[in-house]
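Below, each chain spelled out in residue letters.
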Amino acid sequence: MKPGPECLRCLITTRLKEVEKSSLSDTEKFIVSKMIAGKILELFNPDVELTKLATSIFKYSVSLAPSIIEYYRLVKKASNKKALESLSLHREYAGKLDGYERFEYLVKLSAIANLIDYGVADHNPVENTLTPKTIIEYPVVVNDISKLYSVLSRGGKTIAWLFDNSGEVVYDTLLVSEIKSLGNKVYGLVKEEPGFQNDVTISDALELQLDKLLDKLVVYGSTSSIHIEALNNRVKEVLGEVDLIIAKGMSHYEYLSEVDLGKPVCFILIPKCDVVARAIKEGSKGKIVVLCRGV
């Protein structure tokens, strides 16, 4: 996806906020902020691919202010802790449902958890406990949940799950478990260290014991999305084995909506900016999107 004019403000705001949260001195923050703003203005143009632009600028910021990683480590730890505190509530509620109703509830929960996102300037990450009432009543503007269920309920599929944010990943585990209970395999793909913003890295995944839940846990790089040219042979082999990719969050949509990995893709997200919302459907900002392509 190419950037819209709004992306410039978002990139500058998000990157400079990270500098403000770093452990640099005020004088160092002043200098580094100017350097980052200059780099963004240098690289920003209407023809660049958005997730690659975001990746390069984030890496540049971290090179100047390494303590940004520590800031996100604390953010991720707090997000996971908060989500874990309410996980049993949703497990218990979903356990009272059957078949499609349970699947639909867990998909919506996974989608709403995408609001735990610290990388969008105009978005305030959800920090309140998500309740079953919130999940049930939340609007769905693009609804391919039944299409996804019709494929997975038959079993026998191998899924590549592209994880997104910490905190969100905790709620994802309930849907992953449900998909596996339907007779499917799930391979989880996470980022290597130091990661990208508050996205799930391999150390986060191991701390949450995702290796025990998933059939395979795969590391693919420290980029905003799963950039094809940066994938090693191991990751390419894993993607070659799967029948379907489930991609969580905006970054994966931004990239994979215009890139063909040779597999059907189901996007699960809530658009939190106008640029992504416009690309999906008018009026989709802030609402659940479950969009399956090639399924």
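Here, every reference points to the structure presented above.
Before going into details, it helps to say that this report is about the structure given with it.

What counts and how
Residues numbered from 1 in each chain as written. Predicted model: local features only at pLDDT ≥ 70, side-chain atom pairs only at ≥ 80, totals over all residues. Heavy atoms only, no water. Phe/Tyr/Trp six-rings, centres within 6.5 Å; stacked < 30°, edge-to-face > 60°. Helix = DSSP H or I, 4+ residues; strand = E, 2+ residues; numbered from the N terminus. Buried < 20%, exposed > 50% of the residue type's maximum accessible area, 1.4 Å probe, protein only. Lys NZ or Arg CZ within 6 Å of the ring centre and 35° of its normal. Salt bridge = Lys/Arg side-chain N within 4 Å of Asp/Glu carboxyl O. 1 Å grid on protein atoms, 1.4 Å probe; cavity = no way out; pocket = protein on both sides within 12 Å on 5 of 7 lines; lining within 4 Å. Points joined across faces, edges and corners; volume = space filled by probe spheres on them. Nonpolar A, V, L, I, M, F, W, Y, C, P; charged D, E, K, R; others polar.

## Points about the packing of aromatic side chains
A full pass over the atoms with the stated rule returns eight aromatic pairs. Ring centres of F103 and Y149 lie 5.1 Å apart, and the angle between their planes is 50°; on these two criteria the pair is classed as tilted. Of the two residues, F103 sits in helix α5 (residues 99-112) while Y149 sits in helix α7 (residues 145-152), which places them 46 residues apart along the sequence. By the burial criterion, F103 is buried, and Y149 matches it. An aromatic cluster is defined as three or more aromatic residues linked by ring pairs; in this entry it consists of F58, Y71, Y72 and F196. The ring of Y60 carries the charged tip of K39 above its face, separated from the ring centre by 5.0 Å.

## Side note on the pattern of salt bridges
For the structure on display, the rule yields 16 salt bridges. In this structure, R278 and E6 form a salt bridge, with 2.8 Å as the shortest nitrogen-oxygen distance. With R278 in helix α13 (residues 274-280) and E6 in helix α1 (residues 6-21), this pair connects stretches of sequence that are 272 residues apart. On the accessibility criterion, E6 (26% relative accessible area) is partly exposed. Residue K81 is joined to E85 by a salt bridge in which the shortest nitrogen-to-oxygen separation is 2.9 Å. In this pair, K81 and E85 are both assigned in helix α4 (residues 67-95), four residues apart and thus about one turn of the helix distant. Salt bridges sharing common partners tie together E168, D172 and K248.

## Examining the layout of surface pockets
Looking at the largest pocket, its volume works out to about 460 Å³. As for the largest pocket, its lining consists of 29 residues, and the residues nearest its centre are C10, G119, V120, M250 and E254. Looking at the lining of the largest pocket, the elements that each hand over two or more residues are α1, α3 (50-64), α12 (250-256) and α13. Looking at which element gives the most residues to the lining of the largest pocket, the answer is α1, with seven residues. Tallied by class, residues from the lining of the largest pocket come to eleven nonpolar, seven polar and eleven charged. Put simply, the second largest pocket is a space of about 280 Å³. Lining the second largest pocket are 16 residues; nearest its centre among them are R73, K76, K77, D204 and E207. Mapped by element, the contributors of at least two residues to the lining of the second largest pocket are α4 and α9 (202-207). No other element matches α4, which puts eight residues into the lining of the second largest pocket. Residue composition of the lining of the second largest pocket, by class: five nonpolar, four polar and seven charged.

Just geometry here; none of it tells us what the structure is for.
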